[in-house]
Amino acid sequence: MTQEQRNSWINTFVDSLTLRGAEFTMPRSTSLAPAALIGVRAEDWDRVGQEAKASDCRWVAAWGEDCGQQFTINVCLYKPSDYLVVRTTVERATPVLASHTPYFPAADRPERHIQDMFGVAFMDHPDTRRWTRHQAWSDKEFPLRKEFPAAGGIAGSTPPDDQYRFLSAQGAGVYEIPVGPVHAGIIEPGHFRFQAVGELVLNLEEHLGYVHKGIEKIAEGRDAAGLARLAGRVSGDSTVAHTWAACMAMERAAGVTPPERALYLRALMCERERVVNHLGDIGAVLNDVAFAFGFYQFGRLREDWTRLSGQAFGHRFMMDRIVPGGVTTNIEQSAIDAMRQQARALPEELTKLMAIVDDNASIEDRLETTGVLSLELAKALGCVGYVGRASGQPFDVRRDVSYAPYDRLTVKVPLYRYGDVAARVKVRAEECLASCELIAQLLDTLPSGALKATWSAPSSTVEGVGMIDGWRGEIISYVRFAADGRIARFFPRDPSWTTWPALEKLVRDNIVPDFPVCNKSVNGSYSGHDL
Amino acid sequence: MLRILRKTQRVGVITEPLPEDGELALEQVGAQLKARVGEMFGGSLAIREVDAGSCNGCELEIHALNNPYYGIERFGVHFVASPRHADMLLVTGPVSRHMEAALKRTYEATPDPKLVIAVGECGANGGEFGVSYASCGAVANVVPVDAVILGCPPTPLKLMLGILEAIGKRARR
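Residues numbered from 1 in each chain as written. Chains lettered and ligands numbered in written order. Predicted model: local features only at pLDDT ≥ 70, side-chain atom pairs only at ≥ 80, totals over all residues. Heavy atoms only, no water.

1. With respect to the overall build of chain B
Secondary structure assignment for chain B yields 6 helices and 5 strands. Each helix (α) and strand (β) of chain B, taken in turn from the N terminus, gives the series α-α-β-α-β-β-α-β-α-β-α. For 173 residues, the compact-globule estimate of 2.2 N^0.38 gives 16 Å, and the C-alpha radius of gyration of chain B, at 17 Å, lies within 12% of that figure. Projected onto its principal axes, the C-alpha positions of chain B cover 55 × 35 × 30 Å. The burial tally for chain B puts 61% of its 173 residues in the buried class. Here the analysis covers contacts within chain B between residues at least 6 apart in sequence; of these, 79% occur between residues at least 24 apart. When the accessible surface of chain B is split by element, carbon and sulfur atoms take 53% of a total near 6,900 Å². The positive charge centre, built from 18 side chains, and the negative charge centre, built from 19, are 6 Å apart in chain B. (Helix = DSSP H or I, 4+ residues; strand = E, 2+ residues; numbered from the N terminus. Rg over C-alpha atoms; globule rule 2.2 N^0.38 Å. Buried < 20%, exposed > 50% of the residue type's maximum accessible area, 1.4 Å probe, protein only. Contact = heavy atoms within 4.5 Å. Areas by Shrake-Rupley, 256 points an atom, 1.4 Å probe, with all protein chains shown as cover. Lys, Arg positive; Asp, Glu negative; His and termini not counted. Charge placed at Lys NZ, Arg CZ, Asp CG, Glu CD.)

Structure (structure tokens):
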């Protein structure tokens, strides 16, 4: 047992679980390092939820896998500064498991996703409605079971999903506003159902899943390079972060270490992706409160950064630049100089622009106290990234469970507690400044050498997990190879899983016209969530 | 207010005439686009963008058409909120099965004569996602398509060229 293992909260957790009467089905393993892995009996699953709640863990993610006679169900928990994956199996004939949702609201939709995709029933789940499934397959079919063909069995067209049971509200003056799936703008599709009185939002309910593309299913049987390409399209705006997370998981599984230069270039791309998205969204938030000046200024900066990424890496979003074992593209000295210059210039521009924004009372009026996510809710929903950081949740994978090359750098993480739109905007502006510092450090210490280690597909059923802090926050990527070196299971957990439920809560008691600005300040990915 | 004016003046007009290597200059494409839009759509081409299942990469580039560099509105092209106001649908894909009905209804709500452009590799041919239990693949598998714009995602300039080509094709009909 290493020093680290001795100090970890996981020991106490395991001891307490034993005291609660749980039995372990396998010895504590490091096969998912840096996460610890333990196995419990299915009947102990409720105890795991209870103990995780009692231990003040963050409920991170859950995913299943069809292993023939049994389904494996995993839950990932976090408490500073270690991840723990708890695994259990349920019989295919009786796929029933206790729900963690009574302990963690964050478990609600992930469990319903597993229910729809595997046909596992979660006992005591407060909401048994389907989530990811609409009308493309029946309630007797489960796409992630092995016997379900990836091609599906559908003849003809898929009917609209107009029978979803939304919550309803009654009373004098209460009315409903249905929005979507096709929204009034250049936005991804999803359905929002508002109940309002006058201008006030009583309740918002989301119905997502419209862009479900079967990512988990069509990942199966791919080779490593194919999975990296698919991961790069889980959510296009986070293409770098998702590809990195999937490659990290595959590399850990296969025991491949990318060269230093590749790791630095990955971080460089990831920080550029963060800056570009934050700039674009700050502009869009300002646009939503009719401050066109801000929209155009931030749009200009975003385009400047996007263009330089295109020149330096050969793709404006740096898509497909990360591959298993390393990166595909080197950068030239001229690009290094230009990126250094850009990272030097942005803080001054940003500081001036934010001063103009701060000076404007009408913007202040729209952004402050709008869309407040309380600390308690942010914690209960497991919010990460800028949504969490604006509501007092400081977690950042780069700093708290550091990985190369961030383990050699100083990562500054802004933190606010007001949880309103203004706080989220501030966090994002400050993250841009921190990223500029990181970019400068990365460029100053960029190691020379190879771009890619030789990739060799594993020849046994190894597994791995990758954790990357993308611009939206923590991405978890789970990969297991089959014995033929092809992908047996892929599950990417985009941080949007944690922020979509937060949006429902934070928009309450706001006026309907403030919904767009609330939504933009959170900016969940539909694609990354629907899979 | 003074600071805003100062900033605006200092940044100046960045909206571009930029000849990119090998590619047609934006101004050139824009001038042609404006002429065509003028001729065929009374000076105003209204586009309804429909994300029918994309990864959102295409949306980012379509958004970029409205940033001050590309400023596509100056050529008479603008994005509208309702298909009923649209001359053209710009559809990104692959079309997920869960969006199949919504896309068809959007298509039906768009008044004739209408132009449909499938955007991106996925919209054009299904891309990384292809056809599966969850995806119908190409946009053309669901609604009639007049033109495609390839790229993953297509750059803003490619999008403008594609829109130009599509309305050129319509003119020849």
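2. A short note on the interface of chain B and chain A
Listed by partner, the interface residues are 51 residues for chain B and 69 residues for chain A. Taken over both partners, the interface formed by chain B and chain A buries close to 4,700 Å², and the fraction arising from carbon and sulfur atoms is 61%. Our count for the chain B to chain A interface comes out at 5 salt bridges. For B:Lys7, the salt bridge identified is with A:Glu349, shortest N-O distance 2.7 Å. Inspection of the region where chain B meets chain A yields 27 residue pairs in polar contact (both at pLDDT 80 or more). When residues of the side of chain B that touches chain A are traced back to their parent elements, those giving at least two are helix H1 (2-11), strand E1 (45-51), helix H3 (57-64) and helix H4 (100-109) of chain B. Take the side of chain B that touches chain A: its biggest share by element is 7 residues, from H3(B). Residues that form the side of chain B that touches chain A fall into these classes: 24 nonpolar, 13 polar and 14 charged. (Buried area = accessible area lost by both parts, 1.4 Å probe. Salt bridge = Lys/Arg side-chain N within 4 Å of Asp/Glu carboxyl O. Polar contact = N/O pair within 3.5 Å; in protein donor to acceptor, adjacent residues only side chain to side chain. Nonpolar A, V, L, I, M, F, W, Y, C, P; charged D, E, K, R; others polar.)

3. Thoughts on the sheet that holds strand E2 (residues 36-40) of chain A
All names here are of chain A. The strand order across the open sheet formed by 5 strands is E1-E2-E5-E4-E3, and the pairing between neighbours is mixed. Of all the strands in the sheet, the pair left with one neighbour each is strand E1 (24-29) and strand E3 (58-67). In this sheet, adjacent strand axes meet at a mean angle of 20° when their direction is disregarded. One ladder, built from 9 bridges, connects E3 with strand E4 (residues 70-79); its direction is antiparallel. Bridge pairing links Arg-58 to Tyr-78 in E4. Packing of helix H2 (residues 9-19) onto the sheet brings it into contact with E1, E2, E4 and strand E5 (82-91), and relative to E5 it is tilted by some 35°. (Pairing = 2+ DSSP bridges. Axes fitted to C-alpha atoms, helices over the stretch in contact; angles between N-to-C directions.)

4. Looking at H3(B)
With 7 of 8 residues buried, H3(B) lies mostly within the body of the structure. Inspection of H3(B) places B:Gly57, B:Cys58, B:Glu59, B:Leu60, B:Glu61, B:Ile62 and B:Ala64 among the buried residues, and these make up the whole buried set.

5. Let's talk about the domain arrangement of chain A
Residue and element names in this part refer to chain A. Considered domain by domain, chain A is made up of domain 1 (3-123) and domain 2 (215-530). Each of domain 1 and domain 2 has a C-alpha centre, and the two are 27 Å apart. Taken together, the contact pairs 24 residues of domain 1 with 27 residues of domain 2. A combined buried area of about 2,300 Å² lies between domain 1 and domain 2, and 58% of that area is made up of carbon and sulfur atoms. Of all residues in domain 1, Trp-63, Tyr-83 and Arg-109 give up the largest surface area on contact with domain 2, accounting jointly for 27% of the area buried on that side. The tally of links from domain 1 across to domain 2 stands at 5 salt bridges. The partner of Glu-65 in a salt bridge is Arg-480, and the shortest N-O contact between them spans 2.3 Å. Counting every contact that joins domain 1 to domain 2 gives 10 residue pairs in polar contact (both at pLDDT 80 or more). (Domains from an automatic or database assignment.)

6. What to know about the side chain of B:Glu59
Along the polypeptide, B:Glu59 turns up in helix H3. Among buried Asp, Glu, Lys and Arg side chains, B:Glu59 stands out as unpaired, with B:Arg48 the closest opposite charge at 8.5 Å. One polar contact links B:Glu59 to B:Thr92, side chain to side chain, over a distance of 2.7 Å. Here B:Glu59 is in contact with A:Ile186, B:Glu49, B:Asp51, B:Ser54 and B:Thr92, once residues within four sequence places are set aside.

7. Overview of the packing of aromatic side chains
Residue and element names in this part refer to chain A. Tallied over the entire structure, the rule returns 23 aromatic pairs over all chains. Taken together, a centroid distance of 6.5 Å and an interplanar angle of 55° make the contact between Phe-192 and Tyr-526 tilted. Linking Phe-192 in strand E9 (residues 191-197) with Tyr-526 in helix H18 (residues 526-530), this pair joins segments that are 334 residues apart in sequence. Taking relative accessible area as the criterion, Phe-192 reaches 2% and is therefore assigned buried. For Tyr-526, a relative accessible area of 3% puts it in the buried group. Consider the rings of Tyr-403 and Tyr-406, whose centres lie 5.2 Å apart with planes at 75°: the pair is edge-to-face. Taken individually, Tyr-403 and Tyr-406 each receive the classification buried, so the pair is uniform in this respect. (Phe/Tyr/Trp six-rings, centres within 6.5 Å; stacked < 30°, edge-to-face > 60°.)

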